[in-house]
Amino acid sequence: MLISGREPGDLRVDMNDVNRARAPRAVIFDLGKVLLDFDYTRAARALSPLSALAPTEFKRVVDQSPLLHQFESGGLTNQEFYQEVSRLTQYRGTFDEFAAAFGDIFAEIEPMIALQRDLRERGIPTWIFSNTNDLAVRHIRQRYPFFAGFHGYVLSHEIGAMKPLPASYESVERLTGHRGAELLYLDDRPENIEGARQRGWQTIHHGEPAESIRQVLTALDGVN
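Nothing here was measured: the structure is a model prediction, and the numbers come from that model. (Residues numbered from 1 in each chain as written. Predicted model: local features only at pLDDT ≥ 70, side-chain atom pairs only at ≥ 80, totals over all residues. Heavy atoms only, no water.)

Colleague: Can you tell me about the packing of helix α2 (residues 40–47) against helix α3 (residues 55–62), naming the residues and giving the values?
Modeller: Remark: α2 packs on α3, axes separated minimally by 8 Å, with the N-to-C direction vectors making an angle of 120°. The orientation of α2 relative to α3 falls into the category oblique. Where α2 crosses over α3, the handedness of that crossing is right-handed. Along the contact surface, α2 presents Y40, T41, A44, R45 and L47, while α3 presents P55, F58, K59 and V62. Along the lines of polarity and charge, the residues of the contact of α2 with α3 split into six nonpolar, one polar and two charged. (Axes fitted to C-alpha atoms, helices over the stretch in contact; angles between N-to-C directions. Helix = DSSP H or I, 4+ residues; strand = E, 2+ residues; numbered from the N terminus. Parallel < 35°, antiparallel > 145°, perpendicular 65-115°, else oblique. Left-handed = near helix turned anticlockwise from the far one by under 90°. Contact = heavy atoms within 4.5 Å. Nonpolar A, V, L, I, M, F, W, Y, C, P; charged D, E, K, R; others polar.)

Pasting the structure below:
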C-alpha cells in the first residue's frame, strides 16, 4: 500500500509533512505601528493649551516615559494616571477631556488590517499582544471596528507585564494554548522580536506592510 505516494520502507522526508509541522497555529499581532500607527504629538498638541507646558514638553511626560510605562504595566488606574499627568503639567481640563485627547493618537494601517481580516476568514486564530493602556484600548474599541475581530487579547496593563519581559510571553502561551513554533508573531521593535525568538516562536520584524504580508502568507502556506 502506498502512503503519500511512497513505497513502504521509503524513509525520505515528506516535505508536505514538514511544512504542516512548521506551520503556525496562531498569528500574534503587535498593535502599535503594526495595525495602528500612533503619534503622541497629536495628544500633546490637544492637551497642552490647558496646561503650563508647550506641546513638546507635554509630550515628554506622556510619550514612552516612566510614567506611561507604569500606567501600561497596570500600576496606575485611569484616574491615577490623569491625576499624575495633571500634577506634572498643571493640566486644567476634566478627566473626560483628557481621556478623549490622550486616546486620539491612532491611524489605521489598512494593508495589515486587511491581512488580519483575511486570516480570520480562513479560520486562523489571531491575537493582539500589546504594550498599551486602558484609555487607549477604550478609544480603539469605540473607533476601530476591526479590533473586535480577534480571537483574544494579551494587553500589558491587564497582565501586569510589558514586552519584552518573559512574563508577557508566558501570558501569550498560556492564553493561546500554544508555544514555540506554533506561534507566528509580528512586531516592529527588535527587542520584542528577540524575546519571542528566545522562546522558539516564529517571528517577523515588521517594517513595510507588503513584506510582512508576504512573510505571513509564506509561513502559512498550505494552512487551510
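There is more to say after this.
Colleague: Explain the pairing of strand β5 (residues 152–155) residue by residue, including any values.
Modeller: On a regular strand, each side chain points to the face opposite its neighbour's, so the side chains alternate between the two faces of the sheet. One ladder, built from four bridges, connects strand β4 (residues 126–130) with β5; its direction is parallel. For F129, the partnering residue across the bridge sits in β5 and is V154. With helix α8 (residues 134–143) bridging β4 and its parallel neighbour β5, the resulting β-α-β unit is right-handed. (Pairing = 2+ DSSP bridges. Right-handed = clockwise from strand over helix to strand, strands pointing away.)

Colleague: Describe the pairing of strand β7 (residues 202–205), with residues and values.
Modeller: The pairing of strand β6 (residues 183–187) with β7 spans four bridges and is classified as parallel. Across the sheet, the residue bridging to D187 is H205, located in β7. Remark: the β6/helix α11 (residues 190–197)/β7 crossover connection has right-handed handedness.

Colleague: I'd like a rundown of the nonpolar core, residues and numbers included.
Modeller: Residues F29, L35, F81, F98 and F102 are the most contacted members of the largest nonpolar core, which totals 49 residues. The element contributing the most residues to this core is helix α6 (residues 95–103), with five residues. For F29, the contacting residues outside a window of four places in its chain are V34, L35, M112, L115, Q116, L119, T126, W127, I128, F129, F150 and L186. Judged by nonpolar contacts, the second largest core, of 12 residues, contains I28, W127, I193 and W201. (Core = buried A, V, L, I, M, F, W, Y, C linked by side-chain atoms within 4.5 Å. Buried < 20%, exposed > 50% of the residue type's maximum accessible area, 1.4 Å probe, protein only.)

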